[in-house]
Every structure is written in C-alpha cells, then in structure tokens.
Amino acid sequence: MSVRAVIVNGMGFGDEGKGTIVDSIVQRTRAHTVIRYNGGPQAGHNVVTNDGRHHTFAQFGAGTFRGARTFLSRFMCVAPLAAMREAEALSTLGVVNPLSLLSIDEHALIITPFHRAANRLRELLRDGSRHGSCGVGVGESMADLVFLGPDQSLFMGELRNRSKMAYKLERIQEAKRAELYAMARDLPDTKDVLHERMVLERVDAVDRTIELFESFASTVHTVGSGYLAHVMNTPGTVGFEEAQGVLLDESYGFHPHTTWSTTTPKNAHTLLSEASFKGATTTIGVMRAYATRHGAGPFPTEDPAFQTTLFDPYNTTGAWQGGFRLGTYDSVLASYARAVSGKLDMIAVTNPDPVHPKSWQHARGYAVNERDRDLFNTNEEGIAVSIRLKDQLEDLHYQERLTVALNRATPIYQSIRGGADGVLQAISSSFNAPVGIISRGPMQRHKQFLPVATASLPNATLSLTAA
C-alpha cells in the first residue's frame, strides 16, 4: 500500500473551515494520523458529524472522530491542562480514551499556567489596543524561548523529570511574577486581573502544576525524533493540519496583529523532509467564499451588513479575541496569501453559496495613499492590485507599514458574474489553483469532491491503520 501526505492550510486570517475539511479528508482517505504542525491550543476547528456530534478541536487533530491518531510535532506549543479538558469533552462525545490517541514530540514547547496568566494580563493592560490574542499563552511561551532561551522554557520530554520540571516551573513563575509587579500599577482593578494575578502569586501553584503535568505525561505518548519517520512510512494517508491562517503568519502577517507561529505550509514541508518522505504530497488551501477575521487587525473589506445574513453559530465573539468580523472576498489579500504560501494543488472552498448581495463581488484592488504606494504593485489605472513581498523575512517594520496601509486602503469592488460558479472561478484565479473541494455545510454529507480532488484523494476501502 502506498503512502500519501495531505497538507491542509488556511489562506485567510483563520476560521476558514480547516477542521471540517480535515475531518472530510480523513473520512475519505481513512488517514491513520493527523499531524499538527504549528500553533497551539488557540485553534478552533469545528467538526460536526452526520449524527450531530459537535466538537471544537484545539489540540487534538480534527480527524479524531474518525479514529485517526494525533501527533503534535515539535512546532506545536502544548498546553497539558487544556489537552486534558479537551480529552474529557471528547470522551463525553463517544471517543474512547482520547489521550491514548495523542503522541507528542519530546521537543514540543509547553505552555504553563504562568504563561497563560501573563498573556492575559498583558492583553488586559492593552485594553482598547489589544492585539487579538486568544489568551492561551502561546506568544508568551514562544517569547520566552526566543529571548530567554531553552533554559527558561519547559519541553514535553521534561515532564517526566520531576526535579527539572520543578526547577523550570519555579523560574518561570518567578519571572512572570516579576513582570507582573512591573506592570501592576497600570492594571485595572477587575475580577479578571485578580484571577490571573493569583495564578502568578500562589505559593502552591508549582506543586499543583507538577502533579497535573505528571498525570498528563503518564497518559500520552512522548516520542523522539524517529517517530515522525515511522508515521510517514506507515502505509496509508497522513493529514497535516494547520492552525490559524497564512495572513496571521509571524513573518508575513500584519504586525502586531499576528501569531508567534509559522502559518504557511513551510513547517509541514520541513517535517516531510526530516522524515525523508518519498510518497505523494497534496497541498490544499482552505478559503471561505467571503472574508472573515476574528478580533483586531486590518480588514479592508469588512462590512457590518454581512453580520445579519451570514451568522456563524461556531464563530462568535470571543472573550479574548473579540468579535467575529465579516466582509467581501478580497482578491488582493488572497493573492498575497498565495504568494507567501508557495504552490497549492487545489483549493477547498467553504460557504460558497452567496446569501448577501455583496457576496457577488470581490475587491479587485485598492485605492491607496501616495505614501503607501511602494508597498503595492499597481495596474495601468493606478489601482493597487497586489502586495509587494519584502526583501528580508524578519522585517517587522515592513509588516507594520502594511498594517497601517491596509487600515487606510479603500477597496475597489468588481461584480462577479456567473453566480456561485463565478465566485468559485474568482477564488481559483486568486490562488492560481483549481477548486477541488466544496463545503456547503459542517457535515461530511455537505462536502463535494470535484475531479481534481477525486484523482489525488481516492476513496479508501481499508480500515484505519494506527501508527
């Protein structure tokens, strides 16, 4: 039996429908494993089974209902306490012993309760200028790793070494408590602030965390570098599931409204290379037929009128992220997502049937301020039709300029002819890739696999093979 990798990557600001697409692909191909290759517990991948069970997948792969194992790669930030809560929720939905389906790379970074508390306090301090954080501690733990080094960070492989874990947790709590005291006088006097401060100040917090982390580590599979190659050489299909979306990428997103993670398919390709994978690879970009954004950040085509006709019960206002924003499909941002992502084999389009008059149009370009023109490529009409890629990858100043420019850009709209087929053609053109999957609803029966998808993702008849 052959081996195959299917990479699923969001092409927007997140919330494109990656979870339902992964679930559908796992069901179709009988994929034995789903590999999470970026982000952490801030994912919100909604899956609804044909019998009506619903779960928002955060750290477990979205193929869990189908029996697929989950592998959290070294690119993941792992929150053990949140994973245990998610496992409990999956158990109530009929998944037997969910934690036994979870394998975690020993080098995966651990998010501690102290990281999460510090993350939330920073967002509370920002008040009306929030960055759009999900409040789970991903950025806080990644910042410590980048700026303080691995000695100030905890890794999955260390959760079975009580003395090392205690030493690191004490240092992390102490460091975060010191940072709290530096900002304490500027924090509002609210219940939310008090709750997070208690996490950083409780004297028994480290001991309690050690107990919970040890319990977690004793239940899941902590694996070394050879496990990835084992998974990739197991006959059958492996799915790669991304969190968030390309437009939130740490290098290519619009700073500071970004994530501390690579959200392009780059990490997935790195893992395939490390495993010396020789099988077939299919890369699928996921995009809604209209634009969305959860929380703060630039959104040129946002239109409040969409809120009344495109209500999404699975994406609402979040306590930390903020509101779920909607607008017209944006060809400029779509082409930018394509440019930074590399070649896509196909696009999976979710919610393709317009129910709002403005869904029958797209932003073909922007009218931009003269001082912003060097950031865009313009056509003969002087309309900005694409974003220029920066010369240096780690140029946050350039990305900050793009943020300002997008906030003051005026979209130029063009009507889409041909109804729903015209919308699909416009999306295909933006990404220079054929539409392969259409999702008209949350369940498997709402998915349509077009010829380009059926050719590369044939129906599997074999039962799941556990890696």
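Looking at helix α7 (residues 205-219)
And then number 1: Its 15 residues give α7 an end-to-end C-alpha distance of 22 Å, which sits within 8% of 21 Å, the value for a rise of 1.5 Å per residue.
And then number 2: Three or more residues of α7 are buried, namely Ala-205, Val-206, Thr-209, Ile-210, Phe-213, Phe-216 and Ala-217. Down the axis of α7, the buried side of the element spans an arc of 130°, and every buried residue falls inside it. Across α7 from its buried face, at more than 90 degrees, point the exposed residues Asp-207 and Ser-218.

Focus on the packing of helix α11 (residues 331-341) against helix α13 (residues 419-431)
And then number 1: Where α11 meets α13, the closest approach of the two axes is 8 Å, and the angle between their N-to-C directions is 45°. Here α11 is positioned oblique relative to α13, judged by the angle of their axes. Residue-level inspection shows Ser-331, Ala-334, Ser-335, Ala-337 and Arg-338 of α11 in contact with α13, the latter providing Ser-429, Ser-430 and Phe-431.
And then number 2: Of the residues assigned to the contact of α11 with α13, the class counts are three nonpolar, four polar and one charged.

Brief notes about the packing of aromatic side chains
And then number 1: Enumeration over the complete set of coordinates arrives at seven aromatic pairs.
And then number 2: Aromatic rings pair up to connect Phe-13, Phe-254 and Tyr-336 into one cluster.
And then number 3: One residue, Arg-53, lies across the ring of Phe-65, its end atom 4.9 Å from the ring centre.

With respect to the sheet that holds strand β5 (residues 69-72)
And then number 1: Strand order in the open sheet formed by ten strands is β9-β7-β5-β2-β10-β1-β11-β15-β20-β21, and the pairing between neighbours is mixed. The open sheet is flanked by β9 (221-223) and β21 (447-449), the only strands paired with a single partner. The average undirected angle you get between the axes of adjacent strands in this sheet is 25°.
And then number 2: As defined by bridge partners, strand β1 (residues 3-10) adjoins strand β11 (residues 280-288) across seven bridges and the pair is classed as parallel. Bridged to Val-6 within β11 is Thr-282.
And then number 3: α13 rests against β11, β15 (346-350) and β20 (435-439) of the sheet, and its axis sits at about 140° to β15.

Topic: the nonpolar core
And then number 1: One finds Ile-104, Met-156, Leu-159, Phe-216 and Ile-437 to be the most contacted residues of the largest nonpolar core, which totals 60 residues.
And then number 2: Formed by 39 residues, the second largest nonpolar core is a distinct cluster that contains Phe-13, Tyr-398, Ala-405 and Val-435.

Some words on unusual backbone geometry
And then number 1: Cis geometry is adopted by the peptide bond preceding Pro-256, which originates at His-255 and carries an omega value of 5°.
And then number 2: Although it is not a glycine, Arg-30 adopts a positive phi angle of roughly 55°.
And then number 3: When you line up the elements, Arg-30 lands in the loop between α1 (18-29) and β2 (33-36).
And then number 4: One non-glycine residue, Ser-276, adopts positive backbone phi at about 50°.
And then number 5: Within the element layout of this structure, Ser-276 appears in the loop between α9 (266-274) and β11.

Things to note about the pattern of salt bridges
And then number 1: All told, the structure shown has 21 salt bridges when counted by the stated rule.
And then number 2: Residues Arg-53 and Asp-51 are paired through a salt bridge, measuring 3.2 Å at the closest nitrogen-oxygen approach.
And then number 3: In this structure, Glu-140 engages Lys-176 in a salt bridge whose closest nitrogen and oxygen atoms are separated by 2.8 Å. Here the residue Glu-140 occupies a position in helix α4 (residues 138-148), and Lys-176 occupies one in helix α5 (residues 162-183), the gap between them amounting to 36 residues.
And then number 4: For Glu-140, a relative accessible area of 8% puts it in the buried group.
And then number 5: Here the salt bridges do not stand alone but share partners, grouping Arg-122, Glu-140, Asp-144, Lys-176 and Glu-179 into one network.

A look at the side chain of Lys-176
And then number 1: Overall, Lys-176 belongs to the buried group, its relative accessible area being 2%.
And then number 2: Here Glu-140 takes part through its side chain, which lies 2.8 Å from a polar atom of the side chain of Lys-176.
And then number 3: Excluding anything up to four places from it in sequence, Lys-176 contacts Phe-114, His-115, Ala-118, Arg-122, Glu-140, Asp-144 and Leu-200.

Here's the deal with the pairing of strand β3 (residues 45-48)
And then number 1: Burial along β3 is two-sided: His-45 and Val-47 facing one way and Asn-46 and Val-48 facing the other are all buried.
And then number 2: Pairing of β3 with strand β4 (residues 54-57), which is carried by four bridges, proceeds in the antiparallel orientation. The residue bridging Val-48 from the neighbouring strand is His-54, located in β4.
And then number 3: Here β3 hands over to β4 after five residues, with Gly-52 in that stretch at a positive phi of 95°.

Thresholds applied
Residues numbered from 1 in each chain as written. Predicted model: local features only at pLDDT ≥ 70, side-chain atom pairs only at ≥ 80, totals over all residues. Heavy atoms only, no water. Helix = DSSP H or I, 4+ residues; strand = E, 2+ residues; numbered from the N terminus. Expected span 1.5 Å × (residues − 1). Buried < 20%, exposed > 50% of the residue type's maximum accessible area, 1.4 Å probe, protein only. Arc of directions from axis to C-beta. Axes fitted to C-alpha atoms, helices over the stretch in contact; angles between N-to-C directions. Parallel < 35°, antiparallel > 145°, perpendicular 65-115°, else oblique. Contact = heavy atoms within 4.5 Å. Nonpolar A, V, L, I, M, F, W, Y, C, P; charged D, E, K, R; others polar. Phe/Tyr/Trp six-rings, centres within 6.5 Å; stacked < 30°, edge-to-face > 60°. Lys NZ or Arg CZ within 6 Å of the ring centre and 35° of its normal. Pairing = 2+ DSSP bridges. Core = buried A, V, L, I, M, F, W, Y, C linked by side-chain atoms within 4.5 Å. Salt bridge = Lys/Arg side-chain N within 4 Å of Asp/Glu carboxyl O. Polar contact = N/O pair within 3.5 Å; in protein donor to acceptor, adjacent residues only side chain to side chain.

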